[in-house]
Amino acid sequence: MRIELAAQPGDPGRPNEDFASVALPASGEGGVLVLLDGVTPPADGETGCAHGVPWFTARLGGAMLELASAERDLTLRQCLAAAIARTADAHRGSCDLTHRLTPQATVVVARWGASAVEHLVLSDSVLLVEAVDGTVSAVLDERIARLAARGPVTDAQRNAEGGFFTAAADPAVAERAVTGRTARARVRALAALSDGASRWVEVFGEGGWAQCFALLAKEGPRALIDRVRQAERADPDGLAFRRGKPHDDAAAVYAEL
């Protein structure tokens with residue numbers, strides 16, 4: 001088994017709000033991959049939380065990794081709901097969890113065992129699945145992309161009917177996640193990317209998902225992030241490639257099963 005991960009803040013002066021980790025149970029069978037992309041609030045915006053996004057993603061990511069690894073009788077949606085509830089309880093007494101900008105994150109989870117590979121994707125991070133024949137499939141939650149195709153995406157559409165969903169303080173959002181299951185014998189490798197890393201495909205158009213996966217397999221996650229940074233530096237003002245911010249936190253995980 002080969003597992004590699006890399007993460008880099010978009011701004012060296014700020015903490016990375018992404019979370020990436022892999023757990024291999026002591027039984028030696030299977031594993032769990034978790035990647036979160038924390039949602040950066042506006043620079044002058046209130047969130048109602050005294051802790052901040054890095055604290056939130058560390059708590060939520062750690063809880064998700066533990067639950068998905070240890071509670072294999074739970075579905076990934078159930079694990080996410082329990083992780084959200086646990087994280088919310090950790091700061092419910094000190095923070096306003098009803099605030100629309102309360103700390104939140106996108107979520108990618110993959111869990112594999114002897115017979116199956118399960119996945120969960122919520123919001124705009126991506127999971128790539130390589131089949132044994134080399135075919136690469138992207139698992140996407142396309143709600144933000146569909147909204148963006150019709151006009152600007154606003155905070156009013158966040159965690160609202162007809163909008164898009166992120167993991168914040170409401171465990172019920174787990175039911176909105178894209179989930180699925182694939183026979184273990186059909187999967188050779190997995191990769192998870194925050195949207196800061198997936199810019200290589202989705203913003204800069206340097207290649208498709210298959211080419212992105214091939215880069216990860218050959219050179220590793222750090223090389224992908226380096227390529228993204230090169231493209232960002234070549235267009236510092238976003239004139240050729242429009243994006244929300246010049247540089248974004250980036251995280252990538254690659255796992256050969």
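Above this text is the structure in question.
Report follows, based on the coordinates. Note that this is a predicted model, so its numbers are computed, not measured.

### Regarding the packing of aromatic side chains
What describes a pair of aromatic rings is the distance from one ring centre to the other and the angle between the planes of the rings. Enumeration according to the criterion identifies two aromatic pairs in this entry. Seen from their ring centres, F204 and F241 are 5.2 Å apart, and the 70° between their planes marks the pair as edge-to-face. Pair noted here: F204 is in the loop between α4 (199–202) and α5 (209–219) and F241 is in the loop between α6 (221–234) and β10 (250–256), with a separation of 37 residues, a long-range link. The partly exposed category is assigned to F241, whose relative accessible area is 31%.

### Thoughts on a nonpolar patch on the surface
A cluster of nonpolar side chains, contributed by M1, I3 and L24, occupies part of the molecular surface with about 290 Å² of accessible area. Among the secondary structure elements, M1 is positioned in the segment before β1 (2–8).

### A word on the environment of T154
Tracing the sequence through the fold places T154 in the loop between α3 (143–150) and β8 (178–183). Residue class for T154 comes out partly exposed when judged on its relative accessible area of 39%. T154 sits 24 residues away from V178 along the chain, and the two C-alpha atoms are 22 Å apart.

### Thoughts on the packing of helix α1 (residues 53–70) against helix α2 (residues 76–91)
Axis separation between α1 and α2 bottoms out at 8 Å; the angle between their running directions is 140°. By the criterion of interaxial angle, the relationship of α1 to α2 is oblique. Here α1 runs over α2; the crossing is right-handed. Listed contacts from α2 to W55, F56, R59, L60, A63, M64, E66, L67 and A68 of α1 are L76, C79, L80, A82, A83, I84, R86, T87, A90 and H91. Looking at the contact of α1 with α2, its residues break down into 14 nonpolar, two polar and three charged.

### Structural notes on α1
In a regular helix each residue adds 1.5 Å, so 18 residues correspond to 26 Å; α1 covers 25 Å between its end C-alpha atoms and thus fits that length. Against the buried residues of α1 lie β2 (18–23), β3 (31–38), α2 and β4 (105–112).

Rules behind the numbers
- Residues numbered from 1 in each chain as written.
- Predicted model: local features only at pLDDT ≥ 70, side-chain atom pairs only at ≥ 80, totals over all residues.
- Heavy atoms only, no water.
- Phe/Tyr/Trp six-rings, centres within 6.5 Å; stacked < 30°, edge-to-face > 60°.
- Helix = DSSP H or I, 4+ residues; strand = E, 2+ residues; numbered from the N terminus.
- Buried < 20%, exposed > 50% of the residue type's maximum accessible area, 1.4 Å probe, protein only.
- Patch = residues over 30% accessible without salt bridge, like charges linked within 9 Å, V, L, I, M, F, W, Y side chains within 5 Å.
- Areas by Shrake-Rupley, 256 points an atom, 1.4 Å probe, with all protein chains shown as cover.
- Salt bridge = Lys/Arg side-chain N within 4 Å of Asp/Glu carboxyl O.
- Axes fitted to C-alpha atoms, helices over the stretch in contact; angles between N-to-C directions.
- Parallel < 35°, antiparallel > 145°, perpendicular 65-115°, else oblique.
- Left-handed = near helix turned anticlockwise from the far one by under 90°.
- Contact = heavy atoms within 4.5 Å.
- Nonpolar A, V, L, I, M, F, W, Y, C, P; charged D, E, K, R; others polar.
- Expected span 1.5 Å × (residues − 1).

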